[in-house]
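# Topology and contacts: notes
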Amino acid sequence: MSKGKEMTNNKILALNLVSSFITYAITFGISFFLSPFIVETVGVEAYGFVGLANNFISYASLITIALNALAGRFITIKLRENDISSANKYYTSVFYGNLFLSAVLFIAALFVWIFLEKIINIPDSIFWDVKILFAALFMNCIISTSTSVFGIATFATNKLYLSSVRNIEASLIRTIILVVLFLCFSPNVYYLGITSLLVGIYSVVYNIYYTKKLTPELQLKRQYFDKKAVWELVSSGVWNLITRLGQILCDGVDLLITNLLVDPTSMGVLSLAKTVPGIIQSIIGTMVNSFSPNFTILYAEGKINELKDALKQSMKIMGVISNVPIIILIVCGQKFFECWQPTQDAKALQILSILTCAGFIINGGINCIYDIFTVVNKLKYNSIVLLISSAISICVTFILLKTTDLGVYAVAGVSTVIMIAKNVVLIVPYAAKCLDLKKTIFYPEIIRSIIFVAVSTVLGYFVNNAISFDGWFGFFFNAIIIGLMSLIIGTFVMLNKSDRQLLISKIRRKK
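Read on for an overview of the structure.

Scoring rules and cut-offs
- Residues numbered from 1 in each chain as written.
- Predicted model: local features only at pLDDT ≥ 70, side-chain atom pairs only at ≥ 80, totals over all residues.
- Heavy atoms only, no water.
- Salt bridge = Lys/Arg side-chain N within 4 Å of Asp/Glu carboxyl O.
- Helix = DSSP H or I, 4+ residues; strand = E, 2+ residues; numbered from the N terminus.
- Buried < 20%, exposed > 50% of the residue type's maximum accessible area, 1.4 Å probe, protein only.
- Polar contact = N/O pair within 3.5 Å; in protein donor to acceptor, adjacent residues only side chain to side chain.
- Contact = heavy atoms within 4.5 Å.

### Quick notes on the pattern of salt bridges
One pass over the full model with this rule turns up four salt bridges. The residue lysine 131 makes a salt bridge to glutamate 117 at a minimum N-O spacing of 3.3 Å. Placement of lysine 131 in helix α7 (residues 127-146) and of glutamate 117 in helix α6 (residues 116-119) is noted, with a sequence separation of 14 residues between them. Take glutamate 117: its relative accessible area is 32%, and that puts it in the partly exposed class. Note that glutamate 445 is salt-bridged to lysine 312, the shortest N-O span being 3.1 Å. Placement of glutamate 445 in helix α21 (residues 443-466) and of lysine 312 in helix α15 (residues 304-321) is noted, with a sequence separation of 133 residues between them. Glutamate 445 sits in the buried class, given a relative accessible area of 3%. Within this structure, Lys312, Glu445 and Arg448 form a network of salt bridges that share partners.

Next up, the structure:
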């Protein structure tokens, strides 16, 4: 790779990363200010149904994954090979396939909506609020599914920062609509569903715009539709379907289990506790997606050594980015929840949040590895392992709920422990095998992440105890100090000398 091309790729990667971070910083800020207001207005019990409804959306999306999971990979590779005809074949086939799946989803969603009160426990006082909430979110899911192929353009051209800009705009629009609805009308939880529907339509419009602007060579024409292309995508993507099913069994049924086996109020508390872990997970997912186009391009060009280096570098970067907020949550979480949700049990929220996201300490970097299975199109092993481990997680959770008084803590903690074991013991060495590398090649990055969090957390506790201020000022003051301290520690623990020299040289060039 030429020096000029390398600089261009580095700039694009940096732009994708920074824009992704800004997107979720804004998203977090919006949730930070809106969530307490919404919880106080509609109640924690009603708020819990928002998370449960989104879980139902993830269940429904299972039928679309096999077709869509690898669409971006196939279209990107064909565009890189300048095989426009094949790219259009995949593009058109995915579009028409999604139209059919959307019709199936509509029928399934209608059935669930009609019999919703038979499926979950809904308090009589918010019965129709919850029904309208589910209806709006189901409709948003159907629209997003039918138009999902238009979201491939920014991936195929490695310009994910454009999607981040759109997401920032969507978040601001969502905030404005919610504030207007809650201030001008009687508070209702279904406003969240209506807002999601409107913002979803906005995103679809911009995805179509980006497709026409970035990839004008992609054309929707009926003559490009190919049943063989559909079958090729589905047969390759079926393992992504199994993977997603495993993910849902791992962390997507926790609210449903809590609703049915504990109580709706506990479900609301767990949903609230998952807000911060959910944002951290979204940051991880979006940041990892910033690396994905480069992985796909390097593999398509046969540059396996460069792919290995890019993968290890991404694990180091994610090891720092994903763990700084976790360190702050561990050290300052109780003070945060006391200020953020003063009507709730702050200690319980902190414990549930830590139980939910503790796996990110090592999984933040490992998330980059998952992309390798898609890039090399070897998804079977990971899918089966995830499905089996998730089934074990549910069984253990049921046993603990029946035999102990752990309640919602068992729901939050069991999946985290099992997923950590699964990733460290089985997934990491298999990813190395897929690239014909030494099985232990990625373990140093994992060990560095653990050391980084342990050292930063211990020092953070000393700082938190030594500097004690009340209220939001105290939280932000300590969080900023601990965050900066953790970044410095992470720079030395996660990055080696050459990585630091490269980082310094890039900063000097930027200046």
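### Considering helix α13 (residues 264-273)
Of all ten residues in α13, eight are buried, a share of seventy percent or more. Turning to α13, its buried residues are Pro264, Ser266, Met267, Gly268, Leu270, Ser271, Leu272 and Ala273.

### Looking at the side chain of serine 353
Position of serine 353 relative to the elements: it lies in helix α17 (residues 346-357). Reaching out from serine 353, the side chain makes a polar contact with the backbone oxygen of alanine 273 at a distance of 2.7 Å. If sequence neighbours within four positions are ignored, serine 353 has contacts with Ala273, Pro277, Leu329 and Phe337.

Purely geometric numbers; function is a separate question.
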